[in-house]
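Commentary on secondary and tertiary structure
Chain residues, written in single-letter form:
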Amino acid sequence: QVQLVESGGGLVQPGGSLRLSCAASGFTLDYYAIGWFRQAPGKEREGVSCISSSDGRTYYADSVKGRFTISRDNAKNTVYLQMNSLKPEDTAVYYCATVLPNLGSSWYRAYEYDYWGQGTQVTVSS
């Protein structure tokens, strides 16, 4: 059974950090590009970051560039999203998703992704 499970969300103060994990089971992540998306209440789902399968190339939304870092550990079949300098506007449910093949500069197109996790809540508030 193909499954993606996100973890690591929670409540954090502005300026704090969290590391999200996306663990895959039932398939190998090696061949897939992995995207992180988020959705805040009343807003559309937006692309946050993506890491390609072949060369590990990374992509970021302008709103998180310089603060978030995506990485993958194929041995653990897991992708991570390190989030630093968090802001209240980062509050959302965060999802990971897979896509094959790599989308390159179109990585943010959520409709292209095949498998999705159930999401993890991130709340940034004092």
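Here, every reference points to the structure presented above.
In short, a report on the structure.

Parameters at a glance
Residues numbered from 1 in each chain as written. Predicted model: local features only at pLDDT ≥ 70, side-chain atom pairs only at ≥ 80, totals over all residues. Heavy atoms only, no water. Helix = DSSP H or I, 4+ residues; strand = E, 2+ residues; numbered from the N terminus. Rg over C-alpha atoms; globule rule 2.2 N^0.38 Å. Phe/Tyr/Trp six-rings, centres within 6.5 Å; stacked < 30°, edge-to-face > 60°. Buried < 20%, exposed > 50% of the residue type's maximum accessible area, 1.4 Å probe, protein only. Pairing = 2+ DSSP bridges. Axes fitted to C-alpha atoms, helices over the stretch in contact; angles between N-to-C directions. Core = buried A, V, L, I, M, F, W, Y, C linked by side-chain atoms within 4.5 Å. Contact = heavy atoms within 4.5 Å.

Below, the discussion takes up the overall build of the protein chain. Along the protein chain, the regular secondary structure elements total 0 helices and 11 strands. When the helices and strands of the protein chain are read in sequence order from the N terminus, they spell out β-β-β-β-β-β-β-β-β-β-β. Here the C-alpha radius of gyration of the protein chain, 13 Å, is about what a compact globule of 126 residues would show, namely 14 Å. The C-alpha extent of the protein chain, read off along each of the three principal axes, is 40 × 25 × 25 Å.

So, about the packing of aromatic side chains. Applying the stated criterion to the full structure yields 8 aromatic pairs. With 5.3 Å between their ring centres and 80 degrees between their planes, Phe-27 and Tyr-32 make a pair best called edge-to-face. Residue Phe-27 shares its accessibility class with Tyr-32, and that shared class is buried. Between Trp-107 and Tyr-108 the ring centres are 6.2 Å apart and the planes differ by 85 degrees, which places this aromatic pair in the edge-to-face class. Judged by relative accessible area, which is 7%, Trp-107 ranks as buried. Taken together, the ring pairs in this structure connect Phe-37, Tyr-95, Tyr-113 and Trp-116 into an aromatic cluster.

Quick look at the sheet that holds strand β3 (residues 18–25) now. Pairing within the open sheet is antiparallel, and its 4 strands lie in the order β1-β3-β8-β7. Where the open sheet ends on each side, the last strands, each with one partner, are β1 (3–7) and β7 (68–73). Strand-to-strand twist in this sheet, taken as the mean axis angle between neighbours without regard to direction, amounts to 15 degrees. Examined bridge by bridge, β7 and strand β8 (residues 78–83) share 6 bridges and lie antiparallel to one another. Residue pairing for β8: Ile-70 is matched across the bridge by Leu-81.

So, on to the nonpolar core. Residues Trp-36, Phe-68, Val-79, Leu-81, Met-83 and Tyr-94 are the most contacted members of the largest nonpolar core, which totals 36 residues. Listed by contribution, the elements that provide at least two residues to this core are β3, β4 (33–39), β5 (46–51), β6 (58–60), β7, β8, β9 (92–99) and β11 (120–124).

A few words now on the side chain of Thr-98. Assignment of secondary structure puts Thr-98 in strand β9. Thr-98 sits in the buried class, given a relative accessible area of 0%. In contact with Thr-98, other than residues within four places in its own chain, are Leu-4, Phe-27, Leu-29, Tyr-32, Ala-33, Ile-34, Tyr-113, Asp-114 and Tyr-115.

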